[in-house]
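Structural characterization, general
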Amino acid sequence: MLRQQDVGHRIVVRRIVGIREGRTLFSDALGELVELSETHITLSTDAGPLRVPVAEVHRAKRVPPARRPTAAAVVALELAADEAWPAPVRGRLGDWRLRWADGWTGRANSALPVGDPDRPLPAALDAVQRWYAERGGPALVNTPLPLAAPVGAELDARGWTSRPPVLVQTVPLRTLTASPAAPLSATAPPAADVPPVTLADAPADDWLAIAAGRKGGLPDAARQVLTGTPRVRFAELREDGRLLAVGRGTVTGGGRWLGVSLLETVPQARRRGLAAAVVRALAGWGAAEGASHAFLQVEQSNTGAVALYRRLGFTTHHTYLTRVAPAG
């Protein structure tokens, strides 16, 4: 059967649809798993969303994606994401990127092993560990899969552990900027009841406070990460002067990619469609800047966010694991 880590992946479900002449009748459904609860499985199929009661499920399992992106496509997107989250201290190991931001977020404090490190793999990983040791931090390596599978195998042999899988998801901007055909939530009010979203060149103090609450603080290096991309906007959704939802958008990758990050709604304002409004506002800006697609990164275990992004049209392009060197 399925587990929460299957959310966001392609699955097949065989469900019981009836009994005829003493024989059980089955129907198969193929799609992307949007939500998994104790009572229902929800998946997105070519015919639309399908919600299947668990009691009707005979068998369900993850299946391979319809098609995998090419290695070149994964590299291009990873480099666009690196531009969108720029660590203030950077190094190179051949084509590999080394990144340091005083420990603020894994993405800005990890090696990105895409391309040729200009030396044998064991020597490259030794050099990565030395580089991070010189900065007083743990050695982290982000391994895009399946592109970096050989790196992952070497790290397995060295006893490195893994943080939860992260989904790198994408969507054409035309999908986000089109008028929604249906509400994104059963409890969402009409669009007219959602306050307008404004986009700023720099983050306001209360915007930074929300980001700090989500990320566990905001050191000086973090501010450089947030503002270091040349084309960046900070989305704000306010009601009666109070900040209810935020998001950050960047345009990188030669102008092709809108990166969406730090999407957050304050707890008391959730389930009103505010996060979707923020994403669409950033998408409008990205389209005006010439971008054609959007991407974001979300932990596979964050099922609520994965479900929201699926309703907006995002699908998983590839995944990555953040690998952590053994202590000592």
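Provided above is the structure to which this section pertains.
Residues numbered from 1 in each chain as written. Predicted model: local features only at pLDDT ≥ 70, side-chain atom pairs only at ≥ 80, totals over all residues. Heavy atoms only, no water.

**Description of the overall build of the protein chain**
Check the secondary structure of the protein chain and you find eight helices and 16 strands. Taking 2.2 N^0.38 as the reference for a compact globule, 328 residues should give roughly 20 Å; the C-alpha atoms of the protein chain span a radius of gyration of 21 Å, in line with that estimate. Dimensions of the protein chain, computed from the C-alpha atoms along their principal axes, are close to 70 × 55 × 35 Å. Considering only contacts within the protein chain whose residues lie at least 6 apart along the sequence, 67% involve residues at least 24 apart. Accessible surface for the protein chain amounts to roughly 15,700 Å². Of this, 51% is attributable to carbon and sulfur atoms. (Helix = DSSP H or I, 4+ residues; strand = E, 2+ residues; numbered from the N terminus. Rg over C-alpha atoms; globule rule 2.2 N^0.38 Å. Contact = heavy atoms within 4.5 Å. Areas by Shrake-Rupley, 256 points an atom, 1.4 Å probe, with all protein chains shown as cover.)

**Some thoughts on empty space enclosed by the protein**
It is the rolling of a water-molecule-sized probe over the atoms that shows where space remains empty. Here the structure, examined in full by the defined rule, presents two cavities of 30 Å³ or more. Empty space within the largest cavity amounts to approximately 80 Å³. For the largest cavity, the full set of lining residues is E78, A81, D82, W85, R99, R107, L112, N142, Q297 and Y320. Take the lining of the largest cavity: its biggest share by element is three residues, from helix 1 (residues 71–84). Considering only residue class, the lining of the largest cavity consists of four nonpolar, two polar and four charged. Roughly 60 Å³ of volume is contained in the second largest cavity. Around the second largest cavity, the lining residues are A81, A84, W85, R107, R248, T250, G259, V260, S261, F295, L296 and Q297. Of all elements in the fold, only helix 1, strand 13 (242–252), strand 14 (257–265) and strand 15 (293–299) reach the threshold of two or more residues within the lining of the second largest cavity. (1 Å grid on protein atoms, 1.4 Å probe; cavity = no way out; pocket = protein on both sides within 12 Å on 5 of 7 lines; lining within 4 Å. Points joined across faces, edges and corners; volume = space filled by probe spheres on them. Nonpolar A, V, L, I, M, F, W, Y, C, P; charged D, E, K, R; others polar.)

**With respect to the layout of surface pockets**
Its volume calculated, the second largest pocket comes out at about 1,100 Å³. If you go around the second largest pocket, you meet 30 residues; those closest to its centre are P65, A66, R67, T316 and H317. When residues of the lining of the second largest pocket are traced back to their parent elements, those giving at least two are strand 2 (23–36), strand 3 (40–45) and strand 16 (315–324). Take the lining of the second largest pocket: its biggest share by element is five residues, from strand 16.

**Remarks on the packing of aromatic side chains**
Under the criterion given, the structure shown has six aromatic pairs. Summarising the aromatic geometry, the rings of W100 and Y132 are spaced 6.4 Å apart at their centres and angled 65° between planes, so their arrangement reads as edge-to-face. Of this pair, W100 sits in strand 7 (residues 96–100) while Y132 sits in helix 2 (residues 121–134); the two residues are 32 residues apart in sequence, bridging distant segments of the chain. Among the residues examined, Y132 registers a relative accessible area of 0% and is labelled buried. Among the aromatic residues, those joined into a ring-pair cluster are W100, W131 and Y132. Sitting over the ring of W131, R135 keeps its end group 3.8 Å from the ring centre. (Phe/Tyr/Trp six-rings, centres within 6.5 Å; stacked < 30°, edge-to-face > 60°. Buried < 20%, exposed > 50% of the residue type's maximum accessible area, 1.4 Å probe, protein only. Lys NZ or Arg CZ within 6 Å of the ring centre and 35° of its normal.)

By themselves these figures say nothing about function.
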